[in-house]
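Chain and residue survey
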Amino acid sequence: MNVQQAYNTWASSYDMVRNLTRDLEAQVLRAVLPPGSYAEVVELGCGTGKNTAWLAQRAHRLTAVDFSSEMLARAQAAPQPPHVRFQQADITQPWFWLTAPADLLTCSLILEHIQRLDVVFALAQMALRPGGLFYIGELHPFKQYQGSKARFDTAEGGVFELECYVHHISDFTESARRHGFSCQRLQEWFDDEHRAGTPRIVSFLFRREK
Ligand SMILES: C[S@@+](CC[C@H](N)C(=O)[O-])C[C@H]1O[C@@H](n2cnc3c(N)ncnc32)[C@H](O)[C@@H]1O
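On a predicted model such as this, the values are computed, not experimentally measured, just so you know.

What counts, and where the lines are drawn
Residues numbered from 1 in each chain as written. Predicted model: local features only at pLDDT ≥ 70, side-chain atom pairs only at ≥ 80, totals over all residues. Heavy atoms only, no water. Patch = residues over 30% accessible without salt bridge, like charges linked within 9 Å, V, L, I, M, F, W, Y side chains within 5 Å. Areas by Shrake-Rupley, 256 points an atom, 1.4 Å probe, with all protein chains shown as cover. Salt bridge = Lys/Arg side-chain N within 4 Å of Asp/Glu carboxyl O. Helix = DSSP H or I, 4+ residues; strand = E, 2+ residues; numbered from the N terminus. Buried < 20%, exposed > 50% of the residue type's maximum accessible area, 1.4 Å probe, protein only. Pairing = 2+ DSSP bridges. 1 Å grid on protein atoms, 1.4 Å probe; cavity = no way out; pocket = protein on both sides within 12 Å on 5 of 7 lines; lining within 4 Å. Points joined across faces, edges and corners; volume = space filled by probe spheres on them. Nonpolar A, V, L, I, M, F, W, Y, C, P; charged D, E, K, R; others polar. Axes fitted to C-alpha atoms, helices over the stretch in contact; angles between N-to-C directions. Contact = heavy atoms within 4.5 Å. Expected span 1.5 Å × (residues − 1). Arc of directions from axis to C-beta. Polar contact = N/O pair within 3.5 Å; in protein donor to acceptor, adjacent residues only side chain to side chain. Near = heavy atom within 4 Å. Sits in = over half its atoms within 2 Å of the grid points.

**What about a nonpolar patch on the surface?**
There is a patch of nonpolar side chains on the surface, built from Phe142, Tyr145 and Val166 and spanning about 280 Å² of accessible area. Mapped onto the elements of the fold, valine 166 is located in the loop between strand 7 (159–161) and helix 7 (169–178). Relative accessible area serves as the criterion here: at 41%, valine 166 is assigned to the partly exposed category.

Structure follows, in structure tokens:
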């Protein structure tokens, strides 16, 4: 199963089982985004819509993108205001679906599945207006060093591990720098705020400068 097929399979149980990473990242996004509203927002890898309704409250227009039809179907099944649009697309391919320069891009728990961060930062740089923000919330690489990765229980009773790539902290910041972004915030988030443990989530807030 490739990543797209795996998410199509995982979609039916994604929201049903306890998932500390998914739940902590939802809190992180809400804590990190500066207050106020954004004209044009793009949510990359919206999945089943964990963050979509909340982002919609902060957006005049929101495009929620994912390449898994089954994850998207779940997101679309929830009531959404008319300014929310869903798009099935692979975010490593040119963003022809973009209709206006974005003020905010968000990426929650998707980049671990994407081998080349440079591809996404290059597309993000083209999509954002100057001064626009790029939020990223990912499984912390320290967790990845310990073997954590996206995985789910299959109907057959086994555990399926998805194809994942380790991106070190400097991989994010250097790719961002190469594509004209400054790092406004870099934070690490822990289970139960237990700061002596391994951080679960890393978050970045980048700003397009050039
Ligand atoms: C772990 S889920 C996260 C979903 C949601 N953002 C959340 O936090 O619950 C990762 C999502 O990224 C999507 N995804 C992975 N690679 C993608 C790609 N290249 N293009 C578009 N979507 C992708 C998957 O289909 C899946 O819905």
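**Some remarks on the pairing of strand 4 (residues 102–108)**
Summarising burial for strand 4: 7 of the 7 residues are buried, a large majority. Bridge analysis of strand 1 (residues 38–44) against strand 4 gives 4 bridges, and the strand direction is parallel. Looking at the pairing, glutamate 43 lines up with threonine 106 of strand 4.

**Remarks on empty space enclosed by the protein**
Counted under the stated rule, the structure contains 1 cavity of 30 Å³ or more. Each pocket or cavity is described by its volume, and for the largest cavity that value is around 50 Å³. Along the walls of the largest cavity sit Leu111, Glu112, Glu138, Leu139, Pro141, Gln144, Tyr165, His167 and Phe172, which together make up its complete lining. Where the lining of the largest cavity is concerned, the elements lending two or more residues are strand 5 (128–139) and helix 6 (141–145). Residues that form the lining of the largest cavity fall into these classes: 5 nonpolar, 2 polar and 2 charged.

**Quick look at the packing of helix 1 (residues 3–14) against helix 4 (residues 69–77)**
One way to put it is that helix 1 packs onto helix 4 with a least axis distance of 7 Å and a crossing angle of 35 degrees. Here Tyr7, Asn8, Ala11, Ser12 and Tyr14 of helix 1 lie close against helix 4, whose contacting residues are Ser69, Glu70, Met71 and Arg74. Split into classes, the residues belonging to the contact of helix 1 with helix 4 amount to 4 nonpolar, 3 polar and 2 charged.

**Thoughts on helix 1**
Between its terminal C-alpha atoms helix 1 stretches only 14 Å, short of the 16 Å expected from 12 residues at 1.5 Å a residue. Here helix 1 has its buried residues at Val3, Ala6, Tyr7, Trp10, Ala11 and Tyr14. Here the buried residues of helix 1 occupy an arc of 155 degrees about the axis, which is enough to place them on one side. Those residues of helix 1 hidden inside the fold are in contact with helix 2 (20–32), helix 4, strand 6 (151–153) and strand 7. Between the side-chain oxygen of the N-cap and the backbone nitrogen of glutamine 4 there are 3.2 Å, and the N-cap of helix 1 in question is asparagine 2.

**Description of the site of the ligand**
The ligand sits among 17 residues. The nearest are Tyr14, Gly45, Lys50, Asp66 and Asp90. Interatomic distance of 2.6 Å between a backbone N/O atom of glycine 45 and a nitrogen atom of the ligand. Here an oxygen atom of the ligand sits 2.6 Å away from a polar atom, N or O, in the side chain of aspartate 66. A total of 590 Å² of accessible area belongs to the ligand in isolation, and the protein chains cover 98% of it. If you map the ligand onto the pockets, it falls in the largest pocket. Taken together, the residues that form the shell around the ligand break down as 10 nonpolar, 4 polar and 3 charged.

**Here we look at the layout of surface pockets**
Each pocket or cavity is described by its volume, and for the largest pocket that value is around 930 Å³. Along its surface, the largest pocket is lined by 43 residues, and Tyr7, Trp10, Leu109, His113 and Ala150 are the ones closest to its centre. In terms of residue count, helix 1 provides more of the lining of the largest pocket than any other element does, 5 residues in total. When its residues are assigned to classes, the lining of the largest pocket shows 19 nonpolar, 12 polar and 12 charged. Here the second largest pocket defines a volume of roughly 300 Å³. As for the second largest pocket, its lining consists of 14 residues, of which Leu24, Gln27, Phe190, Asp192 and Glu193 are closest to the centre. Top contributing element to the lining of the second largest pocket by residue count: helix 2, with 6 residues. Considering only residue class, the lining of the second largest pocket consists of 6 nonpolar, 1 polar and 7 charged.

Honestly, that's just the spatial picture; any functional story needs more than this.
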